[in-house]
Protein chains: 2
Amino acid sequence: MYEVEVKVPAELESVRDRLAELEADPLATVVQEDTYYDAPHRSFPDTDEALRIRRERRRDDSGDGIVRITYKGPLVDDDSKTREEVETGVDDAEEMAAILANLGFDPAATVQKTRERFALEGYTITLDVVDGVGEFVEVETETDEDEIDAARDGAFDVLERLGLDPDEQLRTSYLELALEG
Amino acid sequence: MYEVEVKVPAELESVRDRLAELEADPLATVVQEDTYYDAPHRSFPDTDEALRIRRERRRDDSGDGIVRITYKGPLVDDDSKTREEVETGVDDAEEMAAILANLGFDPAATVQKTRERFALEGYTITLDVVDGVGEFVEVETETDEDEIDAARDGAFDVLERLGLDPDEQLRTSYLELALEG
């Protein structure tokens, strides 16, 4: 399974208005705290891989909420930032972090954001406020390898209907933006 | 938290009789399938570490059951096989295995065993039938670092009350025994 994802900087207020006009379905708003890891045996920035522990909770909850570990492989389609993702839920974020630390994987950076999600015609639209970085809209869907082009075109179409310009697509990850900031 | 564990080869039938006389509490009998991993950047046999994915299910169930990932550090007390363990449950064994594979950790060996457990005075007594290896009794408990000696003496005492000889303690792991076999 591949994740097709396009992201542009945006004024979130006007995007919310367009989503209401398009009658997109509001989903939960969550807070995500992502910790990215360095590997002991290769440079993830060089290999274009990532290893992440994500703690995700509803905006009005406290605690770790849901915890997931995710491996992201190198880009397979640069136009849409498509890459392979492998992910599973884990019971205990601290224990998982300790396993990684013992194996020589060290925390490289943490990114925290509030994500307001909507569903529209098979796509998930996410309005992101990224601490210390800015505001963005992401349009994403999951697809098989042979449907990547069609899924990307569909994501561009959704962006246009939201009043956003696919040409402003940002290929830089929040992690990279945070490290640049 | 440290795990103190002593293990001896045993005829399980006579141990079961002694456990009944001592009125030990029978716990669940489970089947464990353990996959041990090689690291890409160091030799776990040399560093005396281990990384494992364990699938554990009740003897009469099917499916993956409970899945856990565990890191075991080097021995800190050779007399009792005491080592640091870090562990968390994971939702999906196949996804966790795929994350490890993508990071360069390859499956090195698989050990399957049936474990019949009893509780006695703070210790867990486990009667193990290890596929292709043999029958064993393990006595274990968890303890803080400054209580390791007392916990080990207690485990030896439990073994003697089960009619077993602490001097027959086997410091070889099931993984090593399986690889030797």
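As the structure is a prediction and not an experimental result, all values here were calculated from the model.

Criteria and thresholds
- Residues numbered from 1 in each chain as written.
- Chains lettered and ligands numbered in written order.
- Predicted model: local features only at pLDDT ≥ 70, side-chain atom pairs only at ≥ 80, totals over all residues.
- Heavy atoms only, no water.
- Helix = DSSP H or I, 4+ residues; strand = E, 2+ residues; numbered from the N terminus.
- Buried < 20%, exposed > 50% of the residue type's maximum accessible area, 1.4 Å probe, protein only.
- Contact = heavy atoms within 4.5 Å.
- Buried area = accessible area lost by both parts, 1.4 Å probe.
- Salt bridge = Lys/Arg side-chain N within 4 Å of Asp/Glu carboxyl O.
- Polar contact = N/O pair within 3.5 Å; in protein donor to acceptor, adjacent residues only side chain to side chain.
- Least-squares fit on C-alpha atoms with pLDDT ≥ 70 in both.
- Core = buried A, V, L, I, M, F, W, Y, C linked by side-chain atoms within 4.5 Å.
- Arc of directions from axis to C-beta.
- Phe/Tyr/Trp six-rings, centres within 6.5 Å; stacked < 30°, edge-to-face > 60°.
- Lys NZ or Arg CZ within 6 Å of the ring centre and 35° of its normal.
- Pairing = 2+ DSSP bridges.

Draft legend 1. Examining the environment of Val4 of chain B more closely. Looking at the secondary structure, you find Val4 of chain B in strand E1 (residues 2-9). Given a relative accessible area of 0%, Val4 of chain B falls into the buried group.

Draft legend 2. Region of interest: the interface of chain A and chain B. In this assembly, 23 residues from chain A lie in contact with 23 residues from chain B. Contact with chain B buries area across many residues of chain A, yet Ile99, Asn102 and Leu103 of chain A alone supply 29% of it, more than any other trio. Across the chain A-chain B interface, the total number found is 0 salt bridges. Applying the counting criterion to the chain A and chain B interface returns 12 residue pairs in polar contact (both at pLDDT 80 or more).

Draft legend 3. Spotlight on the relation of the copies chain A and chain B. Between chain A and chain B, the superposition needs a rotation of 179° and an axial shift of 0.0 Å, giving an RMSD of 0.1 Å. Such values leave the two copies arranged in the relation of a two-fold axis. Across chain A, the rotation axis passes nearest the C-alpha of Val90 of chain A, at a separation of 2.1 Å. Comparing interface residues between copies, 100% of those in chain A also sit at the interface in chain B, which points to an isologous, same-surface contact.

Draft legend 4. Molecular detail of unusual backbone geometry. Residues and elements named next belong to chain A. The phi dihedral of Asp48 is positive, around 60°, even though this residue is not glycine. Structurally, the position occupied by Asp48 is in the loop between helix H2 (44-47) and strand E3 (50-58). In this model, Glu121 sits at a positive phi of 50°, which is unusual for a non-glycine residue. Mapped onto the elements, Glu121 comes out in the loop between strand E6 (106-120) and strand E7 (123-130). Look at Glu121 and you get exposed, because its relative accessible area is 56%.

Draft legend 5. Spatial organisation of the nonpolar core. Within the largest apolar cluster, 34 residues are counted, with the highest numbers of intra-cluster contacts made by Leu51, Met96 and Phe105 of chain A together with Leu51, Ile69, Met96 and Phe105 of chain B. Taken together, the elements giving at least two residues each to this core come down to E3, strand E4 (66-77), strand E5 (82-90) and helix H3 (93-102) of chain A together with strand E3 (50-58), strand E4 (66-77), strand E5 (82-90) and helix H3 (93-102) of chain B.

Draft legend 6. How the structure looks around H3 of chain A. Residues and elements named next belong to chain A. Where H3 is concerned, the buried positions are Ala93, Met96, Ala97, Ile99 and Leu100. Looking down the long axis of H3, one finds its buried residues gathered within 155° of arc, a one-sided arrangement. Put simply, Asp92 is the residue that caps the front of H3, since its side-chain oxygen is 2.9 Å from the backbone nitrogen of Glu94. Downstream of H3 by one or two residues, Gly104 has phi in the positive range, about 100°.

Draft legend 7. Spatial organisation of the environment of Gly104 of chain A. Structurally, the position occupied by Gly104 of chain A is in the loop between H3 and E6. Residue Gly104 of chain A is classed as partly exposed on the basis of its relative accessible area, which comes to 22%. For the pair formed by Gly104 of chain A and Ala39 of chain A, sequence separation is 65 residues and the distance between their alpha carbons is 6.9 Å. Each residue touching Gly104 of chain A, except ones within four places of it in the same chain, is listed here: Asp38, Ala39 and Pro40 of chain A together with Arg42 of chain B.

Draft legend 8. View of the packing of aromatic side chains. Residues and elements named next belong to chain A. One pass over the structure, following the stated rule, counts 3 aromatic pairs over all chains. Note on Phe136 and Tyr174: the rings are 5.1 Å apart at their centroids and 55° apart in plane angle, and the pair reads as tilted. Taken as a pair, Phe136 in strand E8 (residues 134-143) and Tyr174 in helix H5 (residues 174-180) lie far apart in primary sequence, 38 residues in all. Per residue, the accessibility class of Phe136 equals that of Tyr174, and both read buried. Over the face of the ring belonging to Tyr174 we find Lys7, whose NZ or CZ atom lies 4.0 Å from the ring centre.

Draft legend 9. Looking closely at the pairing of strand E7 (residues 123-130) of chain B. Residue and element names in this part refer to chain B. For E7, a buried count of 6 out of 8 residues is recorded, marking the element as mostly surrounded by other parts of the structure. Relative to E7, strand E6 (residues 106-120) runs antiparallel, the two being bridged by 8 bridges. Considered in E7, the bridge of Glu116 is made with Leu127. A loop of 2 residues connects E6 with E7, the two strands running antiparallel in sequence, and Glu121 in this loop sits at a positive phi of about 50°. Looking at chain direction, E7 and strand E8 (residues 134-143) are connected through 7 bridges and run antiparallel. The partner of Val129 across the bridge, within E8, is Glu135. The antiparallel hairpin formed by E7 and E8 contains 3 residues in its connecting segment, where Gly132 sits at a positive phi of about 75°.

All quantities given are derived from atomic positions and should not be read as evidence of function.
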